[in-house]
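Architecture at a glance
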Amino acid sequence: MKKKSFHFLSPSLYEHSVHPDLRLFDKPPTQEYIEEWTRSLSDLSKENTPGDLSVLIFRLGREWLALPTIFFQEVTKRRPMHKLPHRSNQILLGIVNLNGQFQLYVSLHQLLGIELPATSQPTQYKEDRMVAIVKEGIQWVFPVEEVAGIHRWNSSLLEENPLNLYGTLSTHLKGLLRWNGKHVGLLDEELVFSGLARSVR
Amino acid sequence: MLLLRIHVGKKGYAIDCRHIVRILPQVNVQKAKHVPYYVVGLMNVSGILVPLIDFCQLIDNRETGFFLHSRIILLQDRPNSPQIGLLAERVMETFEKDMKSMTSNEVESTHLPFLHKCEDDKQEEIEYLNVSQLFTFLLADNLLT
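Residues numbered from 1 in each chain as written. Chains lettered and ligands numbered in written order. Predicted model: local features only at pLDDT ≥ 70, side-chain atom pairs only at ≥ 80, totals over all residues. Heavy atoms only, no water.

**Overview of the overall build of chain A**
Spelled out, the test is: Helical segments are the DSSP runs of H or I of at least four residues, strand segments are the runs of E of at least two, and each set is numbered from the N terminus. Only protein chains enter the accessibility calculation, which uses a 1.4 Å probe. A residue is then buried if its area is under 20% of the maximum for its type, exposed if over 50%, and partly exposed in between. Whether two residues are in contact is decided by their heavy atoms: any pair within 4.5 Å suffices. Surface accessibility in these figures is a Shrake-Rupley result with a 1.4 Å probe; residues are shielded only by whichever protein chains are displayed.
Looking only at helices and strands, chain A has four helices and eleven strands in total. Counting all 201 residues of chain A, 40% fall into the buried class. Within chain A, counting contacts between residues at least 6 apart in sequence, those at least 24 apart form 57% of the total. Total accessible area on chain A is roughly 11900 Å²; 53% of this is exposed by carbon and sulfur atoms.

In structure tokens, the structure reads:
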């Protein structure tokens, strides 16, 4: 980017920072600063780049899974669930009150064929959470055993599913990511959301 | 919903953080020919050329000010989709606001269909930048394939 002589620009166009600590940012960047960042940004080393894939990692049963962060609306403590007469099934468990609105409460364990924990007592687990995901305006809430947070990967580092991985879960995975010495299954969001949509028909 | 507040002069705009890949200081770009007037050039992001849009040029028909608070926001419509860089002024803070109140208003101007008038967390006027609609706008201008 060419170095600009900012004094030619009308100061009236800008509302500069009022707080004295922020006035530092009203100064122009130095050429060395720009060149350093230009070099850093173009670095082709995959290990040094933060990655183009942002995912939230969570645990269902013994399986560590991930979905792109863009689909997550909220992570919160588990709430009581209300069954829907004549509508609840193995995947659609009922409805739950989230921020004053009732949302569909589903079991991703059942959708993916993951074994349910031996007990559903909240005190059994270190972190007992439910997660809200949303796509095209429809929100789905499901319980999880643990939430590990948001992480970034290079999508080019996605590994293929191992040949010895069978069952419903394997068909819902795009591939595997390595995190903290573990393999995390990256879920195919299209298959997950379409599976959930079929459960309410 | 977490939103990033950016500015063109004194006017504020809000971007849904779920579409933000990264926020960067200004960098050198490669000039490109036959591109729309609001395109500064092409940035090298890990070996991939990403177009850099001057948001002040698009909104106010002037170049973005050369300050440390003028930053580049790397945006993505969907996971694994092409990225663009958006250069704007006073890119320095985020705020929380519920989605319905940000997107319920009608389009403000027909030539910039991705902007929607609304209020920020302090009930002050701000415009919500719909990233998906911005990408559609850029696609129509033959900037993206």
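**Re the overall build of chain B**
Check the secondary structure of chain B and you find three helices and ten strands. For chain B, with 145 residues in total, the buried portion stands at 57%. Pairs at least 24 residues apart make up 56% of the contacts formed inside chain B by residues separated by at least 6 positions.

**Let's talk about the packing of aromatic side chains**
We count it as follows: Geometry of aromatic contacts follows a simple scheme: Phe, Tyr and Trp rings, the Trp one being its six-membered ring, pair when their centres are within 6.5 Å, and the pair is stacked under 30 degrees between planes, edge-to-face over 60, tilted otherwise. Should the NZ of a Lys or the CZ of an Arg lie within 6 Å of a ring centre and within 35 degrees of the ring normal, that charge is described as sitting over the ring.
Applying the stated rule across the entire model yields eight aromatic pairs over all chains. With 6.3 Å between their ring centres and 65° between their planes, Phe-58 of chain A and Phe-72 of chain A make a pair best called edge-to-face. Note that Phe-58 of chain A is positioned in strand β1 (residues 53–60) and Phe-72 of chain A in strand β3 (residues 72–77), a separation of 14 residues in sequence. For the pair Phe-58 of chain A and Phe-72 of chain A, a shared accessibility class is recorded, and that class is buried. Seen in terms of ring centroids, Tyr-37 of chain B and Tyr-38 of chain B are 5.2 Å apart; in terms of plane orientation they differ by 80°. Their pairing is edge-to-face. For Tyr-38 of chain B, a relative accessible area of 1% gives the class buried. Members of the aromatic cluster, joined through ring pairs, are Tyr-37, Tyr-38, Phe-114 and Phe-137 of chain B. Residue placement shows Arg-59 of chain A over the ring face of Trp-64 of chain A; its charged tip is 5.9 Å from the ring centre.

**A look at the environment of Asn-80 of chain B**
Following the sequence through the fold, Asn-80 of chain B ends up in the loop between β6 (71–76) and β7 (83–96). Given the relative accessible area of 44%, Asn-80 of chain B is considered partly exposed. Those residues in contact with Asn-80 of chain B that sit more than four places away from it in its chain are Asp-52, Leu-53 and Ser-155 of chain A.

**Quick look at the confidence of the model for chain A**
All names here are of chain A. Condition: Every residue gets a pLDDT, meaning the predictor's confidence in that residue, from 0 to 100.
Mean pLDDT over chain A: 80, with 77% of residues reaching 70 or higher. Overall, residues 1–13 carries pLDDT values under 50, and its contacts beyond four positions in sequence, including any with other chains, amount to 23 contacts. Low pLDDT, under 50, characterises residues 121–126; the stretch is placed with seven contacts to residues that sit more than four places away or in other chains.

**Quick word on the sheet that holds β3 of chain A**
Residue and element names in this part refer to chain A. Going by this rule: Pairing between strands requires that DSSP locate at least two bridges from one strand to the other. Convention adopted: a line fitted to C-alpha atoms gives each axis, helices being fitted over their contacting stretch, and angles between N-to-C directions are expressed from 0 to 180 degrees.
Read across the open sheet, the six strands follow the order β3-β7-β8-β6-β5-β4; overall the sheet is mixed. One side of each edge strand has no neighbouring strand; the edge strands of this open sheet are β3 and β4 (81–82). Bridge count for strand β5 (residues 92–98) against strand β6 (residues 101–106) is six bridges, and the pairing is antiparallel. Across the sheet, Gly-94 pairs through a bridge with Tyr-105, a residue of β6. This element, helix α4 (residues 189–199), spans β5, β6, β7 (129–135) and β8 (138–144) of the sheet and lies at about 95° to β7.

**Some thoughts on the nonpolar core**
To be explicit about the condition: What is meant by a nonpolar core is a set of buried Ala, Val, Leu, Ile, Met, Phe, Trp, Tyr and Cys residues, joined one to another through side-chain atoms within 4.5 Å.
Among the nonpolar cores identified, the biggest contains 28 residues, and Phe-58, Leu-65, Leu-108, Ile-133, Leu-187 and Leu-196 of chain A are the most heavily contacted of them. With 27 residues, the next largest nonpolar core counts Ile-20, Val-91, Leu-112 and Phe-137 of chain B among its residues.

**Quick notes on the sheet that holds strand β10 (residues 173–179) of chain A**
Residues and elements named next belong to chain A. The strand order across the open sheet formed by five strands is β9-β1-β2-β11-β10, and the pairing between neighbours is mixed. At either end of the open sheet lies a strand with only one pairing partner, and these are β9 (146–153) and β10. Pairwise comparison of adjacent strand axes, ignoring direction, gives a mean angle of 35° for this sheet. Pairing between β1 and β9: seven bridges, direction antiparallel. Paired with Ser-54 across the strands is Arg-152, a residue of β9.

**Here's the deal with the pairing of strand β5 (residues 48–54) of chain B**
Residue and element names in this part refer to chain B. Burial analysis of β5 places five of its seven residues in the buried class, the great majority of the element. Here strand β4 (residues 39–45) runs beside β5; their pairing, made up of six bridges, is antiparallel. Residue Val-39 lies in a different strand from β5, and its bridge partner there is Ile-53. Where β4 folds back onto β5 in an antiparallel hairpin, the turn is made up of two residues, including Ser-46, whose phi is positive at roughly 50°. Sheet topology note: the β5/β7 ladder contains three bridges and is parallel. Within the sheet, the bridge partner assigned to Leu-52 lies in β7 and is Gly-85.

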